Amino acid sequence: MAEEVSTLMKATVLMRQPGRVQEIVGALRKGGGDRLQVISDFDMTLSRFAYNGKRCPSSYNILDNSKIISEECRKELKALLHHYYPIEIDPHRTIKEKLPHMVEWWTKAHDLLCQQKIQKFQIAQVVRESNAMLRDGYKTFFNTLSQNNIPLFIFSAGIGDVLEEIIRQRKVFHPNIHIVSNYMEFDEDGFLKGFKGQLIHTYNKNSSVCENSDYFQQLQGKTNILLLGDSMGDLTMADGVPGVENILKVGFLNDKGLIVANCTRNHVCLQRTGPGKPELLSGSRSLKVLLPSPWCITAGRVLGDSRCLLPGQVEERRERYMDSYDIVLERDETLDVVNGLLQHILQQGDWTEMQGS
């Protein structure tokens, strides 16, 4: 298969069962575009996780970092992040244990945003002024799906208005796209008053969010799925699809969860610069800024009562992803592998000739 899907030879690609991947890819290719649909997360899956060593913003971060949010609100949102994010990525808690915490986090964050008198027209401006970036190769990805009439279902726990605006401003919002996310609700004067429908967080992206069921019912015959995600919660995004025959799950293993805001005294901080052993970054008593991917080799507590990840826990996370996703892309900020798979499934020419981004 390496000869057929050359992008799977990239150093960023991890596969627990290459033979099984070959079987699924072969079945997807046999079905072609007529039987294929794509289901994808957005934040840190279609959008970049980092650029030049700095974190890229999620759809929530874009608002958090904007001028339309007060400094006090920004501090409160950051405090929520420091408290709840370690719970979200804690490998030792079950999803059931995490659920009430995720609902609390999203609810509190939404309540804070609703106090900011955000106006509908401001969303486009905030996105334009942000550092939001889609992954390299996004034009090929979106355009290939559109040109081949392949439905793209974006299932996001982010803010629908923001992520939709990001796609629109990149001029790749095509008619084949359907989004289920947390969409803002504005009052008659155009001010944010709440969020529509059922709350969507990291761990309920499944058929329990009934909004997506009618959509999937309309796609009779689209029984082959390419699923793209970056968290364990994304693995259930296709649960509402009837009659699934073949599904290939591709997971982006970003450095999510390897961020600390403030190390306790005498911790030695390390930052991984690539696959393999980490490099010594700093032995300072207090790190003043958020770093792309550090961890502390000394167990302890950091700001917000979150825990440092030890090197062994990083390895554990990689193993969990490889057990759950068919293909894992580690620290890969591109859609090269996904585009290569689409080119192979659709039996098209070299996708790099069409890339343009």
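Let us look at the structure shown here. (Residues numbered from 1 in each chain as written. Predicted model: local features only at pLDDT ≥ 70, side-chain atom pairs only at ≥ 80, totals over all residues. Heavy atoms only, no water.)

1. Overview of the packing of aromatic side chains
The condition is simple: Within 6.5 Å between ring centres, the rings of Phe, Tyr and Trp (the latter by its six-membered ring) count as paired, and their orientation is classed by plane angle as stacked under 30 degrees, edge-to-face over 60, tilted in between. Numbered from the N terminus, helices here are DSSP runs of H or I no shorter than four residues, and strands are runs of E no shorter than two. Each residue's exposure class comes from its accessible area (1.4 Å probe, protein chains only) as a fraction of the maximum for that residue type: buried when under 20%, exposed when over 50%, partly exposed otherwise.
Overall, the coordinates contain 6 aromatic pairs when judged by the stated rule. Ring plane angle 90 degrees and centroid distance 6.4 Å describe the contact between Tyr60 and Trp106, whose orientation is recorded as edge-to-face. Of this pair, Tyr60 sits in helix α2 (residues 59-64) while Trp106 sits in helix α4 (residues 95-114), and the two are 46 residues apart along the sequence. One exposure class covers both Tyr60 and Trp106, and it is buried. Plain terms: the ring middles of Phe153 and Phe155 are 5.4 Å apart, the flat faces sit at 75 degrees to each other, and that makes the pair edge-to-face. Classification of Phe153 as buried rests on a relative accessible area of 0%.

2. Digging into the nonpolar core
Inclusion rule: What we call a nonpolar core is a set of buried Ala, Val, Leu, Ile, Met, Phe, Trp, Tyr and Cys residues that are connected through their side-chain atoms within 4.5 Å. For this analysis, residues touch if any pair of their heavy atoms sits within 4.5 Å.
Leu63, Leu113, Phe141, Phe142 and Leu248 are the most contacted members of the largest nonpolar core, which totals 93 residues. Once residues lying within four places of it in the same chain are set aside, the contact partners of Leu113 are Tyr60, Leu63, Ile69, Leu77, Ile118, Ile159, Leu192 and Phe195.

3. Overview of the pairing of strand β9 (residues 224-229)
For clarity, the cut-off: The rule for pairing is simple: two strands pair if DSSP sees at least two bridges between them.
Where burial is concerned, most of β9 is hidden: 6 out of the 6 residues are buried. In β9, alternate side chains face the same way, and those of Asn224, Leu226 and Leu228 on one face and Ile225, Leu227 and Gly229 on the other are all buried. Examined bridge by bridge, β9 and strand β10 (residues 246-253) share 6 bridges and lie parallel to one another. The partner of Asn224 across the bridge, within β10, is Asn246.

4. A word on empty space enclosed by the protein
Let me state the cut-off plainly: Two kinds of site are reported from a 1 Å grid over the protein atoms alone, namely cavities, where a 1.4 Å probe fits but cannot get out, and pockets, open sets with protein on both sides within 12 Å along at least five of seven lines, and residues are called lining when an atom falls within 4 Å of a point. Grid points are joined across faces, edges and corners, and a volume is the space filled by probe spheres set on the points. Each residue gets one of three labels, nonpolar for Ala, Val, Leu, Ile, Met, Phe, Trp, Tyr, Cys and Pro, charged for Asp, Glu, Lys and Arg, and polar for the others, Gly among them.
Per the counting criterion, the structure on display carries 2 cavities of 30 Å³ or more. Taken as a whole, the largest cavity holds about 100 Å³ of empty space. In terms of lining residues, the largest cavity is bounded by 11 residues, among which Glu88, Ile89, Tyr203, Met232 and Tyr321 are the most central. The element contributing the most residues to the lining of the largest cavity is helix α9 (residues 311-324), with 3 residues. Among the residues forming the lining of the largest cavity, the class breakdown is 4 nonpolar, 1 polar and 6 charged.

5. Here's the deal with unusual backbone geometry
A positive phi angle, near 55 degrees, is found at Asn149, a position not held by glycine. Structurally, Asn149 can be placed in the loop between α6 (138-147) and β5 (152-159). Residue class for Asn149 comes out exposed when judged on its relative accessible area of 61%. For Lys171, which is not glycine, the phi torsion reads 60 degrees and is therefore positive. Tracing the backbone through its elements, the reader meets Lys171 in the loop between α7 (160-169) and β6 (177-182). Judged by relative accessible area, which is 72%, Lys171 ranks as exposed.

6. A few points about the pattern of salt bridges
The criterion, for reference: The term salt bridge refers to a side-chain nitrogen of Lys or Arg lying within 4 Å of a carboxyl oxygen of Asp or Glu.
Throughout the structure, instances matching the rule amount to 15 salt bridges. The shortest N-O distance in the salt bridge between Arg16 and Glu319 comes to 2.8 Å. Here the residue Arg16 occupies a position in the loop between β1 (13-14) and α1 (18-31), and Glu319 occupies one in helix α9, the gap between them amounting to 303 residues. The exposure class assigned to Arg16 is partly exposed, which follows from its relative accessible area of 36%. Of the charged contacts, one joins Asp234 and Lys205 as a salt bridge, the two residues approaching to 2.6 Å between their closest N and O atoms. Of this pair, Asp234 sits in the loop between β9 and β10 while Lys205 sits in the loop between β8 (192-195) and α8 (213-217), placing them 29 residues apart in sequence. For Asp234, a relative accessible area of 1% translates into the label buried. According to the relative accessible area criterion, Lys205 is buried, its value standing at 2%. Each of Arg48, Arg135, Asp136 and Glu333 takes part in salt bridges that share partners, so that together they form one network.

7. Focus: the sheet that holds β1
Definition in use: Note on method: axes are straight lines fitted to C-alpha atoms, helices fitted across the in-contact stretch only, with angles between N-to-C directions ranging 0 to 180 degrees.
Strands sit in the order β1-β14-β10-β9-β2-β5-β6 across an open sheet of 7 strands; the sheet is mixed. Single-partner strands in this sheet number two, and they are β1 and β6. Note: β5 against β6, 5 bridges, orientation parallel. Within the sheet, the bridge partner assigned to Leu152 lies in β6 and is Ile177. α7 contacts β5 and β6 of the sheet and is inclined by roughly 130 degrees relative to β5.

8. Examining the packing of α1 against helix α10 (residues 336-345)
This is how it is decided: By the definition adopted for this analysis, an angle is roughly parallel if under 35 degrees, roughly antiparallel if over 145, roughly perpendicular if from 65 to 115, and oblique otherwise.
Orientation of α1 relative to α10, taken along the N-to-C sense of each, is 50 degrees, at an axis distance of 8 Å. Between α1 and α10, the angle is such that the two are oblique. Counted together, Val25, Leu28 and Arg29 of α1 and Leu341, His344 and Ile345 of α10 form the full contact between these two elements. Among the residues forming the contact of α1 with α10, the class breakdown is 4 nonpolar, 1 polar and 1 charged.

Distances and angles like these do not, on their own, reveal function.
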